[in-house]
Structures are given as structure tokens and as C-alpha cells.
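Okay, here's what each chain looks like letter by letter:
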Amino acid sequence: MAEIQDLKSRGGKDVAIEIEERRIQSCVHFMTLKKLNRLAHIRLKKGRDQTHEAKQKVDAYHLQLQNLLYEVMHLQKEITKCLGFKSKHEEIDLFSLEEFYKEAPSDISKAEVTMGDPHQQTLARLDWDLEQRKRLAEKYRECLSNKEKILKEIEVKKEYLSSLQPRLNSIMQASLPVQEYLFMPFDQAHKQYETARHLPPPLYVLFVQATAYGQACDKTLSVAIEGSVDEAKALFKPPEDSQDDKSDSDAEEEQTTKRQRPTLGVQLDDKCKMLKRHPLSVMLDLKCKDDSVLHLTLFYLMNLNIMTVKAKVTTATDLITPISAGDLLSPDSVLSCLYPGDHGKKTPNPANQYQFDKVGILTLSDYVLELGHPYLWVQKLGGLHFPKEQPQQTVIADHSLSSSHMETTMKLLKTRVQSCLALHKRFASLEHGIVPVTSDCQYLFPAKVVSRLVKWVTVAHEDYMELHFTKDIVDAGLAGDTNLYYMALIERGTAKLQAAVVLNPGYSSIPPIFQLCLNWKGEKTNSNDDNIRAMESEVNVCYKELCGPWPSHQLLTNQLQQLCVLLDVYLETESHDDSVEGPKEFPQEKMCLQLFRGLSRMKPFKYNHPQGFFSHR
């Protein structure tokens, strides 16, 4: 076409012929091009048809492959099931091979066949096990028939016993006057044991062990149970409300509790629930030699899992209570420190502190007057032990723990009551200025003692701590708030000796402690006068010489009498001032081997009772 265009642009005669030839050639070329195009389409269609046929074959082969893979997977699952199949006989606990060949008969064991064939061996063991089970089933049926016979016999005996109970009750009722006359209260003891079934475990352990100890070792110990049995039974009854009602009200309770704020009334209710006591309590009445009785009432705090005790002392005759003896028999002090350090103001259960934090209780000591004191020895009598090194989740009452502490504790209680009553009687004399010295202790002192006791009063713990001459005792930690404090004033002429006394609740096994202050020619204490320190040593360190016969109830009065003697020696051996005219204020009446010794001019305070003279230690 380009050539034809070029020829046309030139012009000329010959050009038309060439243009015609070129037109004919282009037509031929167009025809050829159409032919080739048709052939290309035919070949493309043929290729597509061949490709489609091949694709169908491939899809057929792929489908066959998927079917084969599915069959393989199915076969593998079946193989796995077969390999993992467990027969029922594998769950049966068969006899061991040794027992099987030893006990099974030869027609079942067939050792010549089963020894080499595990399958036959298992079948034989199953046959033997089936045989044994048949025998046991037969034996079981025999036991059931025997059981039915025994049950029938029991029913017959129950009917006999039920008819016997009214007769026994009538016999017991008729024998009550005989029991009272012979002091054998079987009926009362039976009622007590019936009531004891409703005691909590710690109080039950205490009741059993105290009753056993009283029957075996101490006939003066009486044990009784007080309280409401009906309330104790009600503690173990299930609630009457149905579970459906409870579940329906749970949602409402949750909503109300989220909205409500803890008020004072709610906190008081929580505290009362936390400190709630069991309705039943155990009473121990311990009778002493002088017919005085120590009444112990022991309670159990259910939520705190501890025991408490209240004490009261009664005497055969009414005692004239001295002013200074007011705290001796009080419930707070009569049992305090029965064992060293056991003051009964803190709970022995470590878990209680977390319970107190939830309800807003600071310490249990604020409630001991109402609940009683939770002494450690009370917990041990109830079989309760709270180890601090390895705390336990639940503490269970132990009978062995209670029995191991029962005898020692009862003896300590008797000793404590006797000591308190002995001090009670002596305080009446001390308040009147009389130092009672028994005939067994007269030899410890000279016949003539001029110094005399003029004052004996009780002192508060805070006042004792503020005294300037008791600083050594306070710094040493010997002035605890569980002790009793007294002040004694001894006079002779113008000399006045003040004695501050620390009386431990464990008197007389723990001696009193004296601190002295002499007002004569100035104020003299152990800090500025070695002889005052020596006088304190005579009564505090050498107290064993003043104990007297056991049980040493006269130790306190002997110490006070010794102070009177020591004051006489101190004043009589003091050197006389020659510049002062007139007779000596305190003439020497005591015989002393040597008036002074050493650079500190120590005085002879030791009295030698057989010879009647004083010497240095």
C-alpha cells in the first residue's frame, strides 16, 4: 500500500500499470493472509480440544488418587484401633504366674501347652480366675445368709433390751436414796456423761481427763458440766430453709451487700459472732487442805478455737479482807503466770489475729473480763496445741497432751491458792504493824528487834515505775504489769527505811524483790551506799536462808523481819559523831565480831543463830 501511494504521487503513464500490478499482488497477499488466519484458528481449536481431553484424564487420575488416599487413611485408623484395642481381661487383676502354676490344677494350667504359648496361657489363667470367682460368689451367698440370721438375732435382742430399759430406770430411781447414803452418785454421773456427748472436742477432752484424774489421783476434784443442752444440740441441726429459697435469695443478698456500708451495729454483731462461746462449759472445783475451794469455769470459743477460764476462790470461813490484799484473790491475778510468762492476755492461736482484723478487734485483752483468760495451760488441758514454728490448718484436741499436763497443773493450782490465802492472812497483820514470825522461824532472828514495821500499803504499777530507787529493777525487766507492788515503811527513832516490794504471782516459788531507801542523815540507796546494797542482797540473794519449812509461805514476813534486824545492825554499828553532845541515838545492842571490814566499811549483816552474834559474809 505504501508503494502504491508512492507511485500515485509520482504520476506518469507507466505508473497506472504498475499500480494495477501492485493491486493484484496485494489482493493475493490478502487472500493468503486470510488462509493463514483460518489455519491458525483451526490449529488453536484443535490444541484446545487436545488440552481439554488431557485435563479430563488428569482430573480422573486425581480423583482416583484421592479415593485411594481416603482408603489408606481409613485402613490406618482401623489398624490403630486394632493395635490399641484393650480386652476386658486386661482390667482383671489375675493371679501371678507363680501362684497360677502353683495353685491351679493341672487340667486348667496345662503347663506343657501354656508355658510356650502366651495366648493359651492367658486363656488358662482366665479359666482359673473364673473358677475362683464362682467359689467366692458361693461363699458370699453363704455369708449373706449368715448375716440375715445374725440380723434376726440382733432384732430379737433389741426387743429384749428395749423392754429392759424401763425396768432398769425404775431400779435406778428406787436406788437413789442408797446412792446418796453410800456417796455413789451413779445416776448423776450417767446424766453427766450423756451431757458430755454434746461438748465440743476440747471441753470433752478436758472433762474426760479431769474426771479420770479425779477418780485416780485426787478425790477432792469435782467435775461438772453447766449450760443449756438444748442450745448445744441446736448448733448441729441443719437449717430449716430449703435450698431453693436460699438460691433465690442469693442474688438479692449480693445486691444489698454491695450497696450497704458497714455500720456500728453490723460491726458489733460480727464481733459478737466472732467471740461467741459454746453453750456448755466445764466446772472444776479443786478443794485445798484448809477447806478452801478454787472454782474454775472453762469455756470454748467456737470461732476462735481456743479455751478460756474464769476463777473464783471460796473459803470455809469469811475472811477479813485487808486493803493491801485486794488483788491477791482477784480473777485477774490468782491464775496469772501459773507457768512462767503465761499471763493470759493474748490469744495462743496465731490465726486469731487475722480473724480480729476482719471484724475490727484490736486485741483479746479488752474482752478477757467477759470471756475469761486464754492461758496456755488451759489450752493444753483441753488437748489444744498451737505450734508457732509450723502452724497447722486445723488443731485437733489430743487426749495425750491433756493427760501429760493434768497432774502438774492441778498441783500448781492448789499451791497457788494456798500461797494466796497464806499471804491474805499475813497482810492483815502487816497492815497493823505486826510482822508475824512462826515458831519454826524464830531461830533465824535475834531475840530483841527494835525496828518495827509502821506501814504496809499497796502501790500501783505506774507509781512503782516512777520511784527513783527502783530504777535497777525496772531496767532489768523485773517490774512487769502482772506483778503486785507494795511499799513497807520500817522505823527506828529518826531513821525511816522504805522498802518497795515486787511480789510475783508465783510466790513463794519465786521470791519477792526488795529495793531500799533509807532516810537518815540524808537519803541513802544502793547507788550511794554499799551497805544498803548489802542489805538488799541479804533479803534478795540469800532468801533461801529465810524460806523456813516447806512450802515457804512465811518467806515474805521473814524478809520483812530480816529488814528490821538489818536496820538495827546498820544504825547500831554507825560511828558516833564526837562533836555531838549527849548519848548515842542508837546504842549498840547486837553482838558483832567486827564492826567494819574493807575500804567500803561493810557492816556485819549475817546473823549466826546458834551463837547469837553478827558477822560478815
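Residues numbered from 1 in each chain as written. Predicted model: local features only at pLDDT ≥ 70, side-chain atom pairs only at ≥ 80, totals over all residues. Heavy atoms only, no water.

Per an unreviewed UniProt entry, the protein goes by the name THO complex subunit 5 and belongs to Saguinus oedipus. UniProt annotates the protein under Subcellular location (unreviewed entry) with the comment "Nucleus". Turning to the protein, the UniProt record has this under Sequence similarities (unreviewed entry): "Belongs to the THOC5 family." (UniProt positions renumbered as here; feature names shortened; annotations may be inferred.)

## Some words on empty space enclosed by the protein
Counted under the stated rule, the structure contains one cavity of 30 Å³ or more. Considered as a void within the structure, the largest cavity measures approximately 90 Å³ in volume. Lining the largest cavity we find Leu328, Ser333, Val334, Arg416, Ser419, Cys420, Leu423, Leu484, Leu503, Asn504, Pro505 and Tyr507. If one sorts the elements of the lining of the largest cavity by residue count, helix 16 (residues 399–431) sits on top with four residues. (1 Å grid on protein atoms, 1.4 Å probe; cavity = no way out; pocket = protein on both sides within 12 Å on 5 of 7 lines; lining within 4 Å. Points joined across faces, edges and corners; volume = space filled by probe spheres on them. Helix = DSSP H or I, 4+ residues; strand = E, 2+ residues; numbered from the N terminus.)

## Thoughts on the confidence of the model for the protein
The predicted structure's coordinates, where accompanied by low pLDDT, should not be read in detail. Taken over all residues, the pLDDT of the protein has a mean of 85, while the share at 70 or more is 89%. No element of the protein has a lower mean pLDDT than helix 11 (residues 243–259), at 49, and none a higher one than strand 8 (residues 513–519), at 95. Confidence drops under pLDDT 50 across residues 241–246; counting only partners more than four residues distant or on other chains, this segment forms zero contacts. Segment residues 256–262: pLDDT under 50, and one contact once partners within four positions in sequence are set aside and those in other chains are kept. (pLDDT = per-residue confidence, 0-100. Contact = heavy atoms within 4.5 Å.)

## Details of the sheet that holds strand 9 (residues 523–524)
In a beta sheet, neighbouring strands pair by backbone hydrogen bonds and run either parallel or antiparallel. Overall, antiparallel pairing links the five strands, which are arranged 5-6-7-8-9 in an open sheet. Two strands lie at the open edges of the sheet, namely strand 5 (452–459) and strand 9, each paired on one side alone. Strand direction decides the pairing type here: strand 8 and strand 9, joined by two bridges, are antiparallel. Across the sheet, residue Asn519 finds its bridge partner in strand 9, namely Glu523. Its contacts with the sheet put helix 19 (residues 530–540) on strand 7 (495–503), strand 8 and strand 9, and the angle it makes with strand 8 is roughly 150°. Along the sheet face, helix 20 (residues 555–572) touches strand 5, strand 6 (484–492), strand 7, strand 8 and strand 9 and points at about 35° away from the line of strand 6. (Pairing = 2+ DSSP bridges. Axes fitted to C-alpha atoms, helices over the stretch in contact; angles between N-to-C directions.)

## Regarding the side chain of Glu574
Turning to its location among the elements, Glu574 is positioned in the loop between helix 20 and strand 10 (606–608). With residues up to four places along the chain from it excluded, the contact list for Glu574 reads Trp520, Lys584 and Lys603.

## Some remarks on the packing of helix 9 (residues 201–216) against helix 16
Relative orientation of the contacting elements helix 9 and helix 16 amounts to 50°, with a least axis distance of 10 Å. Classified by the angle between their axes, helix 9 and helix 16 sit oblique to one another. In the crossing of helix 9 with helix 16, the sense of the turn from one axis to the other is right-handed. Facing helix 9, whose interface residues are Val205, Leu206, Val208, Gln209, Ala210 and Tyr213, helix 16 presents His399, Ser402, Ser403, Met406, Glu407 and Met410. (Parallel < 35°, antiparallel > 145°, perpendicular 65-115°, else oblique. Left-handed = near helix turned anticlockwise from the far one by under 90°.)

## Topic: the packing of helix 19 against helix 20
For the pair helix 19 and helix 20, the least separation of the axes is 10 Å and the interaxial angle reads 155°. Here helix 19 lies roughly antiparallel to helix 20, going by the angle between them. In this structure, helix 19 meets helix 20 at a crossing whose hand is right-handed. Only Gln559, Gln562, Leu563, Leu566, Leu567 and Tyr570 of helix 20 make contact with helix 19, whose side of the interface consists of Asn531, Ile532, Met535, Glu538 and Val539. Grouping the constituent residues of the contact of helix 19 with helix 20 by class yields seven nonpolar, three polar and one charged. (Nonpolar A, V, L, I, M, F, W, Y, C, P; charged D, E, K, R; others polar.)

## Remarks on unusual backbone geometry
Cis geometry marks the peptide bond from Tyr507 to Ser508; its omega dihedral reads 15°. Inspection of the secondary structure assignment puts Ser508 in the loop between strand 7 and strand 8. The peptide bond linking Trp550 to Pro551 adopts the cis configuration, its omega dihedral lying at 10°. As for its placement among the helices and strands, Pro551 is situated in the loop between helix 19 and helix 20. One non-glycine residue, Asn305, adopts positive backbone phi at about 60°. As for its placement among the helices and strands, Asn305 is situated in the loop between strand 3 (293–301) and strand 4 (306–314).

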